[in-house]
Amino acid sequence: SILLKQLEEKNIPLTEDLICEIAYEFQEAVVEVLAKKLIRAWAKYEAKTIGISGWVSANDRLWEYGNGLIKHKNYKSLNFNLVKPTKKVYSTDNAAMIGVAWILQQQQML
């Protein structure tokens, strides 16, 4: 990757702390984008229920960040349910399909 080449060119060692920092910053960037896109999708389609399934639904930081956005003054008046699997074991790809089917059933679309 470009970052690894830059670190190597500058003779910066790839320590465990640096690897952790890179991983943390990557997670934060992904979480921010996903949470904001989720809120935008809700607004665009005026959904009553928002659900995330699959492996991404197991990310605690995503839920923490998303709930923080929802509690923000610009989103306090939103009226929707945010649903996720009740246990992380239900966050597999197969569970994602079952989760979508459940959401559709709850919305009486299935």
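Here the structure is a predicted model, which is why all the values come from computation and not from measurement.

**Focus: the overall build of the chain**
Looking only at helices and strands, the chain features four helices and two strands. Of all 110 residues assigned to the chain, the portion counted as buried reaches 22%. Counting contacts in the chain only where the partners sit at least 6 residues apart, residues at least 24 apart contribute 66% of the total. Only carbon and sulfur atoms are counted for the fraction: they give 57% of the accessible area of the chain, which is about 8600 Å².

**A look at the environment of Glu32**
Tracing the chain through its elements places Glu32 in helix 2 (residues 16–45). With a relative accessible area of 34%, Glu32 lands in the partly exposed category. With 33 residues separating them in the primary sequence, Glu32 and Tyr65 have C-alpha atoms 7.3 Å apart.

**Focus: the nonpolar core**
In this structure, Val31, Ala35, Ile39, Ile52, Leu62, Trp63, Tyr65 and Leu69 together form the largest nonpolar core, which totals eight residues. Here this core gets four residues from one element, more than from any other, and that element is helix 3 (residues 60–71). Leaving out residues up to four positions away in the same chain, Tyr65 has contacts with Val31, Glu32, Ala35 and Lys36.

**A word on the confidence of the model for the chain**
Looking at the chain, the pLDDT average stands at 80 and 87% of residues meet or exceed 70. Per-element averaging of pLDDT across the chain places strand 2 (residues 81–83) at the bottom with 71 and helix 1 (residues 2–9) at the top with 90.

**A look at the side chain of Glu28**
In this structure, Glu28 sits in helix 2. With a relative accessible area of 15%, Glu28 lands in the buried category. Looking at Glu28, its side chain comes within polar contact range of the side chain of Arg61, at 2.7 Å.

**Considerations on the pattern of salt bridges**
Close approach of charged atoms allows side chains of opposite charge to pair. Within this structure, the stated rule accounts for three salt bridges. As a salt-bridge pair, Glu32 and Lys36 come within 3.0 Å of each other at their nearest N and O atoms. One end of the pair, Glu32, and the other, Lys36, are both in helix 2, four residues apart, so they sit about a helical turn from each other. The partner of Glu64 in a salt bridge is Arg61, with the nearest N and O atoms 2.7 Å apart. Remark: Arg61 and Glu64 occur in helix 3; sequence separation between them is three residues, near one turn of the helix. The exposure class of Glu64 is exposed, given its relative accessible area of 52%. Relative accessible area serves as the criterion here: at 22%, Arg61 is assigned to the partly exposed category. Here the salt bridges do not stand alone but share partners, grouping Glu28, Arg61 and Glu64 into one network.

About the criteria used
Within every chain, residues take consecutive numbers counted from 1 along the sequence as written. Selection of residues for local features in this predicted model requires a pLDDT of at least 70, selection of side-chain atom pairs for listing and counting requires 80 or more, and totals for whole chains, interfaces and linings are taken over all residues. The basis for every side-chain value is the complete set of non-hydrogen atoms in the structure, without hydrogens or water. Strands are runs of DSSP state E lasting at least 2 residues, helices are runs of H or I lasting at least 4, and numbering of each runs from the N terminus. The buried label goes to any residue with under 20% of its type's maximum accessible area, the exposed label to any with over 50%, and the partly exposed label to all in between, with areas taken from a 1.4 Å probe on protein chains only. Contacts are assigned to residue pairs that have any heavy atoms within 4.5 Å of one another. Methods summary: accessible areas were calculated by the Shrake-Rupley approach with a probe of 1.4 Å, and residue burial reflects only the protein chains presented. Only buried residues count toward a nonpolar core, which is a set of Ala, Val, Leu, Ile, Met, Phe, Trp, Tyr and Cys residues joined through side-chain atoms within 4.5 Å. Each residue carries a pLDDT value, the predictor's own confidence for that position, ranging from 0 to 100. Residues adjacent in sequence count toward polar contacts only when both atoms are side-chain atoms; beyond that, a polar contact is any pair of N or O atoms within 3.5 Å, and within protein one must be able to donate a hydrogen and the other to accept it. Here a salt bridge means any side-chain nitrogen of Lys or Arg lying within 4 Å of a carboxyl oxygen belonging to Asp or Glu.

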